[in-house]
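Per-entry structural report
One letter stands for each residue in the lines below.
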Amino acid sequence: MSRYVLGDSVQVMSSFPAGSIDFILTAPPYLVGFIDRSGRSIANDTNPDWVLPASREMFRVLKPNSLMVSFYGWNRIDAFVGAWKAAGFRIVGHLVFTKQYASKSAFVGYQHESAYILAKSRPALPAQPLADVQSWQYTGNRHHPTEKPVSSLRPLIESFTQPGAIVLDPFAGSGSTCVAAALSGRRYIGIELLPDYHATGCRRLAALRGRRAA
């Protein structure tokens with residue numbers, strides 16, 4: 001069942017049956033026009049037109065009584081929250097991941113990432129809820145300009161799903177969510193628009209399968 005798809009997330013999700021996904025964990029473009037020091041960028045990072053259609057598809061494919069965790073750009077939170085609520089999601093929690101370094105400095109030094117926990121219907125509460133402040137391990141952004149650490153994603157997957165669940169990341173980048181899902185004994189579906197990042201994710205997942213087979 002696990003697969004890593006090259007394509008537009010809205011188009012790819014439109015082919016999924018309704019209510020077929022157990023959990024969504026994603027870090028969509030933050031709508032800030034990010035470019036790293038080496039010139040790498042992210043597709044659709046300045047155009048918000050995809051936010052509502054993607055949110056509606058994510059809500060449609062998610063099973064009732066299930067959760068989505070989405071990172072977001074704090075200075076464009078109006079666009080994200082408006083789309084999530086219009087799609088039908090309820091905000092049920094918020095997570096902060098503390099960094100030991102500042103990824104940017106302006107009026108303050110930005111030393112955290114944030115994500116909202118969003119619900120479809122009435123999910124059951126986890127037996128041992130995570131703390132809403134979590135640690136963050138620097139990845140070096142080797143695979144992607146905004147690469148999320150697998151060590152921060154695994155606890156979310158393991159807290160909000162059962163083994164064998166299907167985890168979807170519609171903005172999968174270099175595949176960190178998929179790697180975290182596989183390491184947690186879950187199935188995964190990743191979708192990435194840009195061929196270079198998709199190829200990197202495929203290599204990471206193939207290497208993981210190779211290590212497990214050895």
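Above this text you will find the structure in question.
Residues numbered from 1 in each chain as written. Predicted model: local features only at pLDDT ≥ 70, side-chain atom pairs only at ≥ 80, totals over all residues. Heavy atoms only, no water.

**Thoughts on the environment of Val108**
By the secondary structure assignment, Val108 is in the loop between strand 5 (104-105) and strand 6 (109-110). What makes Val108 partly exposed here is its relative accessible area of 48%. Val108 sits 55 residues away from Pro163 along the chain, and the two C-alpha atoms are 41 Å apart. (Helix = DSSP H or I, 4+ residues; strand = E, 2+ residues; numbered from the N terminus. Buried < 20%, exposed > 50% of the residue type's maximum accessible area, 1.4 Å probe, protein only.)

**A few points about the pattern of salt bridges**
Opposite charge on two side chains makes pairing possible when the charged atoms of those side chains draw close. The full count for this structure, using the stated rule, is six salt bridges. Between Asp36 and Arg40 there is a salt bridge, and its shortest N-O distance comes to 2.7 Å. Residue classification places Asp36 among the buried residues on the basis of a relative accessible area of 14%. Linking Lys99 and Glu113 is a salt bridge whose minimum nitrogen-to-oxygen distance equals 3.0 Å. (Salt bridge = Lys/Arg side-chain N within 4 Å of Asp/Glu carboxyl O.)

**Thoughts on the sheet that holds strand 2 (residues 21-26)**
Strand order across the open sheet formed by eight strands is 1-10-9-2-3-7-4-8, with mixed pairing between neighbours. Edge positions in the sheet fall to strand 1 (3-6) and strand 8 (133-135), since each has one partner strand and no second. When the angles between neighbouring strand axes are averaged without regard to direction, this sheet yields 20 degrees. Summarising the sheet, strand 4 (residues 90-98) and strand 7 (residues 112-120) pair through eight bridges and their orientation is antiparallel. Note that in strand 7 the partner of Val96 across the bridge is Ser114. Each of strand 2, strand 3 (62-71), strand 7 and strand 9 (166-169) is contacted by helix 2 (residues 51-61), which is oriented at about 140 degrees to strand 3, the strand it contacts most. (Pairing = 2+ DSSP bridges. Axes fitted to C-alpha atoms, helices over the stretch in contact; angles between N-to-C directions. Contact = heavy atoms within 4.5 Å.)

**Observations regarding the environment of Lys148**
Within the fold, Lys148 resides in the loop between strand 8 and helix 4 (150-160). In this structure, the C-alpha to C-alpha distance between Lys148 and Pro195, residues 47 residues apart in sequence, is 19 Å.

**Considerations on the side chain of Ser70**
As for its placement among the helices and strands, Ser70 is situated in strand 3. Residue Ser70 is classed as buried on the basis of its relative accessible area of 2%.

**Details of empty space enclosed by the protein**
Counted according to the given criterion, the structure contains one cavity of 30 Å³ or more. Of the pockets and cavities examined, the largest cavity occupies roughly 40 Å³. The wall of the largest cavity is formed by Pro28, Trp50, Val51, Ser55, Met58, Ser70, Phe80, Trp84 and Phe171. Elements with a minimum of two residues in the lining of the largest cavity: helix 2 and helix 3 (77-87). In terms of residue count, the dominant contributor to the lining of the largest cavity is helix 2 (three residues). A per-class count over the lining of the largest cavity returns seven nonpolar, two polar and no charged. (1 Å grid on protein atoms, 1.4 Å probe; cavity = no way out; pocket = protein on both sides within 12 Å on 5 of 7 lines; lining within 4 Å. Points joined across faces, edges and corners; volume = space filled by probe spheres on them. Nonpolar A, V, L, I, M, F, W, Y, C, P; charged D, E, K, R; others polar.)

**Details of the layout of surface pockets**
One number sums up the size of the largest pocket: a volume of about 1000 Å³. Considering each element in turn, the lining of the largest pocket owes the most residues, three residues, to strand 7. Tallied by class, residues from the lining of the largest pocket come to 17 nonpolar, 11 polar and nine charged. In this model, the second largest pocket occupies a volume close to 430 Å³. Lining the second largest pocket are 34 residues; nearest its centre among them are Ala27, Phe171, Ala172, Gly173 and Glu192.

**Section: the pairing of strand 9**
Of the two faces of strand 9, both are covered, the one formed by Ile166 and Leu168 as well as the one formed by Val167 and Asp169. Relative to strand 10 (residues 187-192), strand 9 runs parallel, the two being bridged by four bridges. When the bridges of strand 10 are listed, Leu168 appears paired with Ile189. Handedness of the β-α-β unit built from strand 9, helix 5 (residues 176-183) and strand 10 comes out right-handed. (Right-handed = clockwise from strand over helix to strand, strands pointing away.)

Note that all results are geometric; they support no functional claim without further evidence.
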